[in-house]
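Chain residues, written in single-letter form:
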Amino acid sequence: MTNKIININSSRKSTSNEIKVGGKIGQIFKAIGAILPMLILFALFSVGIVKLWQRGIESEVFKIRPSIFITNDEQYSPEALREFDRLSNSFSGTSLLKPGLLDEVKKVYSESPWVEEVCSLQRVYPNRVNIEFIPRFVAAQLKHDGYYWLVAEDGVLLPADGVKKKYDKLPLICGDIEQRPENGQVWHSDGVGGALRALREINHSRFGQEMSISKIEIKSPGFIDKLQRPGRSRPRLTIDTDSKISIMWGTCSENFPGELGYSEKIKLLDGLLSDWKQKGAMGREVCFDVRTNVAGYNL
C-alpha cells in the first residue's frame, strides 16, 4: 500500500509540471498574438515613410534653385563675386531633403579660399539653403615674377590669375618676395607677413584714416649683413603713401633688438603726422623714421 501511494503521488507531480510548462508557452503565444497587429502596422508605416521620403527627394518641388544675395557687393572684387556665384550653383538641382546635405554644403564652402569661416546653415523649405559666412577680402596685391597676385589680410593667396597690369587703388607689396604658394595657401614669408601686418596696423590708426598706403617695399638683408649679424638679419620695410609722405618702418619682426614694436611705431607715426600738420608742411615730401625712439624726419 505504501508503494502504491508513493506511485500515485509521483504521477500527480508529473502531471502538475506538464500543465505548468504548457501554461507558460500559451502565455507567450498569446502575447505575440496581441502585439503582432501592432508590429505589422509599424512595418507598413515605416515602409510608407521611406517611400514618401524617396518620392519627396525626387520631387521637383524640393530641388534647390541657385540664388545669391550679397550685401554691399561693391566691397568685393570681381573674382570673389564669381566664386560666390559658383558656390551658389554647386548644389543646383539637389534635393533639400537629401540626408547630410548641410554637411556637404559646409564642406564645399569651407574649402573655398574666398571663404574664411562658415557661420551657420539652415534649410528653408521648399528649395533654399541659407548660408552665413565670413568672406575673405583682398588686402593687397603682391608683385612676384612680373605678375600681380591678390592676397588676403591673413596672407592667403586668393585664386585669381596673375596679371601684368597693376590693380588700381590697391596697396602694392613688392621687392624681395619668396616663392609663390598654391592658391588658398598662406604666403609664408617674413617679408610678406610683416608687410601685411604693418598695413593692417596703419589702416586702423589715425595716420591710416588720413593717409592711404600705396606701396610697401620689402628689402632683404644683404650677404654682408647676414655674415656680420647671423640670426639677427630680417627683411626691412619702406612704406609709401598716396601723398608725399613715406615711412622708414624697419624690420618685419616684433621685439627685434634695437627697434620698437608695432604698436609703439604706430604711436610715433601718429605723433609725427600731427607735428607735421602743425608745421603747415603737408604737401611737402618727407620720410618719417619710426624704427627707434629717436623718431624724426628725412627731407
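This text follows the structure it describes.
Every value quoted in this text rests on a predicted model; they were computed, and no experiment measured them.

*Asks:* Teacher, can you tell me more about the pairing of strand S7 (residues 236-241) here?
*Replies:* Along any regular strand, the residues point their side chains to alternate faces of the sheet. Side chains of S7 alternate between two faces, with Leu237, Ile239 and Thr241 buried and Arg236, Thr238 and Asp240 left unburied. Taken together, the six bridges between strand S6 (residues 213-219) and S7 define a ladder with antiparallel strand orientation. Bridge assignment links Ile213 to a residue of S7, and that residue is Thr241. Bridge count for S7 against strand S8 (residues 245-251) is five bridges, and the pairing is antiparallel. Paired with Thr238 across the strands is Met248, a residue of S8. In sequence, S7 turns back onto S8 through a hairpin of three residues.

*Asks:* Sorry, what's going on with helix H7 (residues 262-278) here?
*Replies:* In an α-helix, one turn spans 3.6 residues; hence positions three or four apart end up facing the same way. Compared with an ideal rise of 1.5 Å per residue, which puts 17 residues at 24 Å, H7 spans 25 Å between its outermost C-alpha atoms and is within 8% of the ideal. Those residues of H7 not exposed but buried are Tyr262, Lys265, Ile266, Leu269, Asp270, Leu272, Leu273 and Trp276. Down the axis of H7, the sector holding all buried residues measures 165°, keeping them to one side. Residues of H7 that are exposed and angled more than 90 degrees away from the buried face: Lys267 and Gln278. Where H7 ends, the next residue or the one after it, Gly280, has phi of about 70°, a positive value.

*Asks:* I keep staring at helix H2 (residues 78-89) and nothing clicks. Help me out?
*Replies:* With 12 residues, H2 extends 17 Å between its outermost C-alpha atoms, agreeing within 8% with the 16 Å of an ideal straight helix rising 1.5 Å per residue. Among all positions in H2, only Glu79, Ala80, Glu83, Phe84, Leu87 and Ser88 are buried. For H2, the elements touching its buried residues are helix H3 (101-110), strand S1 (115-124), strand S2 (128-135) and strand S4 (147-152).

Reading the values: rules and limits
- Residues numbered from 1 in each chain as written.
- Predicted model: local features only at pLDDT ≥ 70, side-chain atom pairs only at ≥ 80, totals over all residues.
- Heavy atoms only, no water.
- Buried < 20%, exposed > 50% of the residue type's maximum accessible area, 1.4 Å probe, protein only.
- Helix = DSSP H or I, 4+ residues; strand = E, 2+ residues; numbered from the N terminus.
- Pairing = 2+ DSSP bridges.
- Expected span 1.5 Å × (residues − 1).
- Arc of directions from axis to C-beta.
- Contact = heavy atoms within 4.5 Å.

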